[in-house]
Amino acid sequence: MYREYVHKIEALLREITGEEDVLITDGGDHADIASTVAFSLAKKERKNPAAIAAKIAEMAASLPEAKGVEVSAKGPYVNFVFGREYAAESVRAALSPKYGQLPARTERVILEHTSANPNGPLHVGHIRNSVIGDTLVRAFRKAGYPVEAQYYLNDMGRQIAIVAWGVKHLHYDRLPGEKGDDFIVRHYVEANKIMKEKPEIEPEFDAMMEMIEAGDLETVRLFHDSVDLCVEGILETLAALNVHHDRFVRETIFLWNGDMQKVLARVGMLPEAQHDGQLMFLDLSGRGIDNRYVLRRSNGTSVYAARDLAFHLWKNAQCDRSIDVLGADHKLIGSQLQTTLAMIGERSPEIVYFEFVSLLEGAMTTRGGVFITADELLAETKKRALEEITVRRPELNMADRERIASAVAVGAVRYDIVQVSAEKSTVFDWKVALDFERQSAPYVQYAHARACSILEKAKEEGSFAENYTFSDPYELALAKHIARFPYVIEMVVVELRPHLLATYVRDLADLFNSFYRFAPVLRAEGSVRDARLTLVDASRNTLSAALDVLGIEALESM
RNA sequence: GGACAUGUAGCCAAGCCAGGAUAUGGCAUCAGCCUCCUAAGCUGAAAAUCCAGGGUUCGAAUCCCUGCAUGUCCGCCA
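Predicted model, so just to flag it, every value in this text is computed and none were measured.

*Asks:* Explain the overall build of chain A here, please?
*Replies:* When helices and strands are tallied, chain A shows 21 helices and 14 strands. With the C-alpha coordinates of chain A rotated into their principal frame, the extents come out at 80 × 70 × 40 Å. Counting across all 558 residues of chain A, residues that qualify as buried make up 44%. Nonlocal contacts in chain A, meaning residues at least 24 apart in sequence, comprise 75% of its contacts between residues at least 6 apart.

*Asks:* Where do I start with the packing of helix α18 (residues 473–482) against helix α21 (residues 526–549) in this structure?
*Replies:* The relative placement of two packed helices comes down to the angle between their axes together with the axis-to-axis distance. Two elements in contact, α18 and α21, have axes separated by 10 Å at closest approach and are oriented at 35 degrees. Considering the relative orientation of α18 and α21, their crossing is left-handed. Contact with α18, carried on its side by Glu475, Leu478, Ala479 and Ile482, involves Arg532, Leu535, Ala538, Ser539 and Thr542 of α21 and no other residues of that element. The residue inventory of the contact of α18 with α21, partitioned by class, reads five nonpolar, two polar and two charged.

*Asks:* How do you make sense of the packing of α18 against helix α20 (residues 499–518) when you look at a structure like this?
*Replies:* Where α18 meets α20, the closest approach of the two axes is 9 Å, and the angle between their N-to-C directions is 160 degrees. On the basis of their axis angle, the class for α18 and α20 is roughly antiparallel. Classified by chirality, the crossing of α20 by α18 is left-handed. Counting all contacts with α18, which are made through Tyr474, Glu475, Ala477, Leu478 and His481, the residues of α20 involved are Asp507, Leu508, Leu511, Phe512, Ser514, Phe515 and Phe518.

*Asks:* What's the story with the protein's contact with RNA strand B in this structure? I'm lost.
*Replies:* For RNA strand B, the set of nearby residues contains 77 residues, the closest of which are Ala34, Phe39, Gly157, Arg158 and Tyr446. At eight residues, helix α17 (residues 441–460) tops the list of elements feeding residues into the surface near RNA strand B.

*Asks:* For this particular structure, what's the right way to read the sheet that holds strand β4 (residues 77–82)?
*Replies:* In a beta sheet, neighbouring strands pair by backbone hydrogen bonds and run either parallel or antiparallel. Strand order across the open sheet formed by four strands is β1-β2-β4-β3, with antiparallel pairing between neighbours. Two strands lie at the open edges of the sheet, namely β1 (24–26) and β3 (69–74), each paired on one side alone. Adjacent strand axes in the sheet meet at a mean angle of 30 degrees, parallel and antiparallel pairs treated alike. As paired elements, β3 and β4 share six bridges and run antiparallel to each other.

*Asks:* It is not clear to me how helix α4 (residues 84–93) should be interpreted in this structure. Could you clarify?
*Replies:* Every α-helix carries 3.6 residues per turn, so stepping three or four residues along brings you back to the same face. Along α4, the residues that are buried comprise Tyr86, Ala87, Ser90 and Val91. The buried residues of α4 all sit within an arc of 125 degrees when viewed along its axis, so they share a single face.

*Asks:* Explain the pairing of β3 here, please?
*Replies:* Remark: a regular strand shows side chains that alternate across the two faces of the sheet. Residue alternation in β3 divides its side chains into a buried set, Val69, Val71 and Ala73, and an unburied set, Glu70, Ser72 and Lys74. Linking β3 back to β4 in an antiparallel pair, the connection comprises two residues, with Gly75 at a positive phi of about 60 degrees.

*Asks:* It is not clear to me how the environment of Arg450 should be interpreted in this structure. Could you clarify?
*Replies:* Examined against the element boundaries, Arg450 turns out to sit in helix α17. Linking Arg450 and Glu556, residues 106 residues apart in sequence, is a C-alpha distance of 7.9 Å.

*Asks:* Please clarify how the sheet that holds strand β5 (residues 109–112) should be interpreted in this entry.
*Replies:* Taken in spatial order, the five strands make up an open sheet running β7-β6-β5-β11-β12, and their pairing is parallel. Single-partner strands in this sheet number two, and they are β7 (247–250) and β12 (350–354). Neighbour to neighbour, the strand axes of the sheet diverge by 25 degrees on average, direction disregarded. With four bridges connecting them, strand β6 (residues 147–153) and β7 associate as parallel partners. Within β7, the residue paired with Leu153 across the bridge is Arg250.

*Asks:* How should the confidence of the model for chain A be read in this particular structure?
*Replies:* Model confidence for chain A is summarised by a mean pLDDT of 95, while 100% of its residues fall at 70 or above. For this predicted complex, the interface confidence comes out at an ipTM of 0.96, alongside a pTM of 0.96.

*Asks:* Even after reading the chapter, I still don't get the domain arrangement of chain A, so can you show me in this structure?
*Replies:* In terms of domain boundaries, chain A breaks down into domain 1 (2–82), domain 2 (113–358) and domain 3 (375–549). Put simply, the middle of domain 1 and the middle of domain 2, counted by C-alpha atoms, are 52 Å apart.

*Asks:* What is the right way to look at unusual backbone geometry in this model?
*Replies:* Excluding glycine, residues mostly have negative phi values, and the peptide bonds linking residues are mostly trans. Residue Arg46 is not a glycine yet carries a positive backbone phi of 55 degrees. Among the secondary structure elements, Arg46 is positioned in the loop between α2 (37–45) and α3 (49–62). Owing to 7 C-beta atoms within 10 Å, Arg46 belongs among the exposed residues under this scheme. At Leu496, a position not held by glycine, the phi torsion is positive, near 55 degrees. Note that Leu496 resides in the loop between α19 (485–495) and α20.

*Asks:* Is there a simple way to think about the environment of Gly286 in this case?
*Replies:* Tracing the sequence through the fold places Gly286 in the loop between β9 (279–283) and β10 (292–296). Among the residues examined, Gly286 registers 9 C-beta atoms within 10 Å and is labelled exposed. Through-space distance from the C-alpha of Gly286 to that of Glu272 is 8.7 Å; in sequence the pair is 14 residues apart.

*Asks:* When you look at the nonpolar core in this model, what are you seeing that I'm missing?
*Replies:* A general trend in soluble globular proteins is that nonpolar side chains are found buried together. Counting residues in hydrophobic clusters, the biggest one holds 160 residues, and the most contacted among them are Val78, Phe140, Leu501, Val505, Leu543, Ala546 and Leu550. If one sorts the elements of this core by residue count, helix α15 (residues 398–418) sits on top with eleven residues. Sequence-distant contacts of Leu543, defined by excluding residues within four places in its chain, comprise Val444, Ala447, His448, Ala451, Val505, Leu508, Ala509 and Ala554.

Rules used in this analysis
- Residue numbering note: each chain is counted from 1, following its sequence as written.
- Chains carry letters from A onward and ligands carry numbers from 1 onward, assigned in written order.
- The predicted nature of this model means local features are confined to residues of pLDDT at least 70 and side-chain atom pairs, given and counted, to a pLDDT of 80 or more, with totals for whole chains, interfaces and linings taken over all residues.
- Starting at the N terminus, helices and strands are each numbered in turn, a helix being any DSSP run of H or I of at least four residues and a strand any DSSP run of E of at least two.
- Using C-beta atoms placed from the backbone, we call a residue buried if 20 or more other C-beta atoms fall within 10 Å of its own, exposed if 12 or fewer do, and partly exposed for counts in between.
- Think of it this way: build a C-beta for each residue from its backbone, and any pair within 7 Å is a contact.
- Comment: axis = line fitted to C-alpha atoms, over the contacting stretch for helices; angle = value between 0 and 180 degrees taken between N-to-C directions.
- Two helices that cross are described as forming a left-handed crossing if the nearer one is turned anticlockwise from the farther one by less than a right angle, and a right-handed crossing if clockwise.
- Charged means Asp, Glu, Lys or Arg here, nonpolar means Ala, Val, Leu, Ile, Met, Phe, Trp, Tyr, Cys or Pro, and polar covers whatever is left, Gly included.
- Note on angle classes: values under 35 degrees are labelled roughly parallel, values over 145 roughly antiparallel, values of 65 to 115 roughly perpendicular, and the remainder oblique.
- Whether a residue is near a molecule or strand depends on its C-beta atom, placed from the backbone, lying within 6 Å of it.
- Whether two strands pair depends on DSSP finding at least two bridges between them.
- The directions from the helix axis to the C-beta atoms form the arc being described.
- A score from 0 to 100, pLDDT tells how confident the predictor is in each residue.
- Segment limits for the domains were obtained from an automatic or database-derived domain assignment.
- Nonpolar core, as used here: buried Ala, Val, Leu, Ile, Met, Phe, Trp, Tyr and Cys residues forming one set through C-beta atoms within 7 Å.

Structure, rendered in structure tokens:
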């Protein structure tokens, strides 16, 4: 209902003032929304803004469109307080199992995320990509878009050559129960170490890259077996985090199906293209990018950038919006890609960048073996959650405690990541990761479990009639926040900022907890009890729907 | 050296793009609340030159400029 009311008030103010921008702001403590349009009118008309605000408020209040909204002027502000009818309509809407689902759209979206090199396990930096990406995928679905989540799999680059070299020469045994990605990374770290000590072996990597480029069967098999083993482990990690891709796209496809050669031919004809023997690069200095954008090496082999161009054209052909989630280290190549696609008259992807996650001791590096894996993080978090639930609910059997601990752990990890806006770099801190109080998923899950518990108890005492008469301030504040959920979903996909949803659901849990404390439900009587139970149900449903978009399980008991 | 991002109480964040009312939360600290719907909860106290300096504006945490600090990138790697 929130959106509808805001639109209604905007239209009303435009009509009264004749201003295009009626300067709607959040009303804070004073109102649900407010307008500061009196300030700008005061300047134009050289009058006191408070007098103008008073006049606008008076006119607005008399219009039939303002029904159910209390309009008043406080100094230069025109304040709008939504009435009980608004709360009632909102709560009624929030009882729908599909609450927050926006009308179906036809624009097909391809959202690419994670796409980590298969040279080792995902670490706590990689999963920032996964969590942002997967949350966006879920938000787009909630917003009515058909979405395909893709993982672009580097199965042939230099990093993979290093892995393959390691697998070929090191002959490690796989430890009992060792995941594929953990096994592969040992080769990668050791091969990098050897390469540093003996730079003379470098030509061996170059040779392997030329072999795979040429499609040498044995090399292809070596590369792909290594990649597949690693991906097997990565998939387990992603599944544990509730992150799902619809399609894995292998980079080699674009080399072998001719797409890359086609796009290179097109790009090669641009005036910005520079050729020197086989070497080809773009001079984008006219577009504010000073670095050479190399697309073919002087030995004729291809580079990642060229295959990436082909990949994006391929995506364009099957969607209306293409969105990539990339680490901030990709900003340069991201803008090179966008610029180049625009130059050949093709659609550029929208790119969501996120800044780095580092450790207290410094940057993470897969190559150097310095990282905390997502698996380790999840295991520690689950251990901690299990301790907690064992203290709180000793009567539960082990299987239930394990199940709850897993859901709490996944939630805690995902929420910690998604709640921080993407443009902030962060430092990983175990203390924060393992803190399950407030501003965390368990806090929100707990509010949901409380709602379920109340409804469960009410059911034992018989049925209740839905009632939408809210008057208590705690009831109204909660109902009004519930009303905003569909608006938040829309904001997340418009701004590509999933952390807005994390902030929203935390505020919702805050308001529910205050309501829980100050407005007794089961002990209330008659229509008040009915109304509060109705509100609890709407809260439960909204918390559950919001958590679902965040990829976090809404536990019924914990 | 150049480019991008960030800088908000001891610590971590929201707010900034679309300027407006006493700057919003959490952690840590202190003081309270379980004969009462799960205390992973609630209430209160204390804590901020919104990095610094200029500018625009009736009004700046928010917009612009300069500087400083931190992170990232600047490869015929990905």
